[in-house]
Amino acid sequence: MSHNKYSCGFEEFYSKDRNLWKSAIAEFFGSLLLNIFAGAAFAQGEDIIFKAFSSGLGIYIVNVIIGKLSGGHINPAVTVAMLISRRITIARALLYIISQCCGSILGIFMIKYLLDDIYHYNWHSYELNENISALQGLAMEFVLGFSLLLTIFAAYDINTRNMHCVNCLAIGLCVTLGHLTFGRYTGAGMNPANVLSVAAIFGNWNFHWIYWLGPIFGGIMAAVIYIQILEIPLQPAKVIEAADKYRFHVFEREMLKMKSNENCA
């Protein structure tokens, strides 16, 4: 469990290593790339499997690129959950969210003018299916945010954080699963910045609040449950006692004797 205290973190703005600014720029470019990938993929058709795997692979690639610098949030719901769990400061959270939203909007804006108008209709995918109520949509987005953040907390647990590429793959697969599961009902927003970018460029604000409240509150719930129940403390390296070392060396000597006797025979 994290024992850090909540911090405003405004001193990070003036840090000599400029880590905060570098991380914010990484979040901006990560969100930009993700929305270029997703926007171009979503414009190609209605195939939910294609959209699911393109989104998951996009998340995987972007996390591999920027994950070690900024943490690879690229999602306001992730950033809020990390703030609630005291893993980042308030200043870093605010700057991350602004960077994510700006990068996402620019990514969709670029794709809009790179592709012909005939491809634009598929981008209005972040909306509820006609048979899905607002409450049902909110619940689905809550589950998506909850499962995504549980995966992220588990992937970057203090005991497994050195397996960077494997962790990124787990997160990408979770996003893929989310799209396969709920994509046909809500568009599987899961990321408020992505939904904001489509709404801002195409003016589709129907039930927009669902795509913010659902993932963010799902992420907060995941943070509480993981920290209070599922998180495993750092496992210290096992210390080999002197008696164990002695027994091990005796065993080695006996094995060498047996091999030498076999060779003589």
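Residues numbered from 1 in each chain as written. Predicted model: local features only at pLDDT ≥ 70, side-chain atom pairs only at ≥ 80, totals over all residues. Heavy atoms only, no water.

- In the nomenclature of an unreviewed UniProt entry, the protein chain is known as Aquaporin-like of Glossina fuscipes.
- As its UniProt record puts it under Sequence similarities (unreviewed entry), the protein chain is described as follows: "Belongs to the MIP/aquaporin (TC 1.A.8) family."
- Its UniProt record gives the protein chain the following Subcellular location (unreviewed entry) comment, quoted word for word: "Cell membrane". (UniProt positions renumbered as here; feature names shortened; annotations may be inferred.)

A short note on the nonpolar core
Next, step 1: Formed by 41 residues in total, the largest nonpolar core has its most connected members in Leu148, Leu149, Ile152 and Phe153.
Next, step 2: Of all the elements in the fold, those that place two or more residues in this core are helix 1 (19-42), helix 2 (48-70), helix 3 (76-84), helix 4 (90-114), helix 5 (134-155), helix 6 (164-186), helix 7 (192-202) and helix 8 (210-230).
Next, step 3: Ignoring sequence-local partners within four residues, the contact set of Leu149 consists of Ala77, Val78, Ala81, Gly219 and Ala222. (Core = buried A, V, L, I, M, F, W, Y, C linked by side-chain atoms within 4.5 Å. Buried < 20%, exposed > 50% of the residue type's maximum accessible area, 1.4 Å probe, protein only. Helix = DSSP H or I, 4+ residues; strand = E, 2+ residues; numbered from the N terminus. Contact = heavy atoms within 4.5 Å.)

Some details on the pattern of salt bridges
Next, step 1: All chains considered together, the criterion is met by 1 salt bridge.
Next, step 2: Put simply, Glu231 and Arg87 hold a salt bridge, and the shortest N to O gap is 2.9 Å. Linking Glu231 in the loop between helix 8 and helix 9 (242-264) with Arg87 in the loop between helix 3 and helix 4, this pair joins segments that are 144 residues apart in sequence.
Next, step 3: What makes Arg87 partly exposed here is its relative accessible area of 33%. (Salt bridge = Lys/Arg side-chain N within 4 Å of Asp/Glu carboxyl O.)

Examining a nonpolar patch on the surface
Next, step 1: Together, Leu106, Phe109, Met110, Tyr113 and Leu114 line one region of the surface with nonpolar side chains, adding up to about 520 Å² of accessible area.
Next, step 2: Relative to the helices and strands, Leu114 resides in helix 4.
Next, step 3: Assessed through its relative accessible area of 63%, Leu114 is described here as exposed. (Patch = residues over 30% accessible without salt bridge, like charges linked within 9 Å, V, L, I, M, F, W, Y side chains within 5 Å. Areas by Shrake-Rupley, 256 points an atom, 1.4 Å probe, with all protein chains shown as cover.)

A few points about the packing of helix 3 against helix 8
Next, step 1: Running from N to C, helix 3 and helix 8 cross one another at 35°; their axes reach a closest spacing of 8 Å. Helix-helix and strand crossings are classified by hand; for helix 3 and helix 8 the assignment is right-handed. Together, Pro76, Ala77, Val80, Ala81 and Ile84 of helix 3 and Trp212, Pro215, Ile216, Gly219, Ile220 and Ala223 of helix 8 make up the contact between the two elements.
Next, step 2: Counted by class, the contact of helix 3 with helix 8 contains 10 nonpolar, 1 polar and no charged residues. (Axes fitted to C-alpha atoms, helices over the stretch in contact; angles between N-to-C directions. Left-handed = near helix turned anticlockwise from the far one by under 90°. Nonpolar A, V, L, I, M, F, W, Y, C, P; charged D, E, K, R; others polar.)

Examining the side chain of Thr186
Next, step 1: Note on placement: Thr186 falls in helix 6.
Next, step 2: Once residues within four sequence positions are removed from consideration, Thr186 is found in contact with Ser125, Tyr126, Glu127, Leu128, Gly137, Met140, Glu141, Leu144 and Tyr211.

Observations concerning the environment of Gly71
Next, step 1: If you trace the backbone, Gly71 turns up in the loop between helix 2 and helix 3.
Next, step 2: Taking the C-alpha atoms as reference points, Gly71 and Ser23, separated by 48 residues in sequence, lie 8.2 Å from one another.
Next, step 3: The contact partners of Gly71, leaving out residues within four places of it in the chain, are Asn63 and Ile66.

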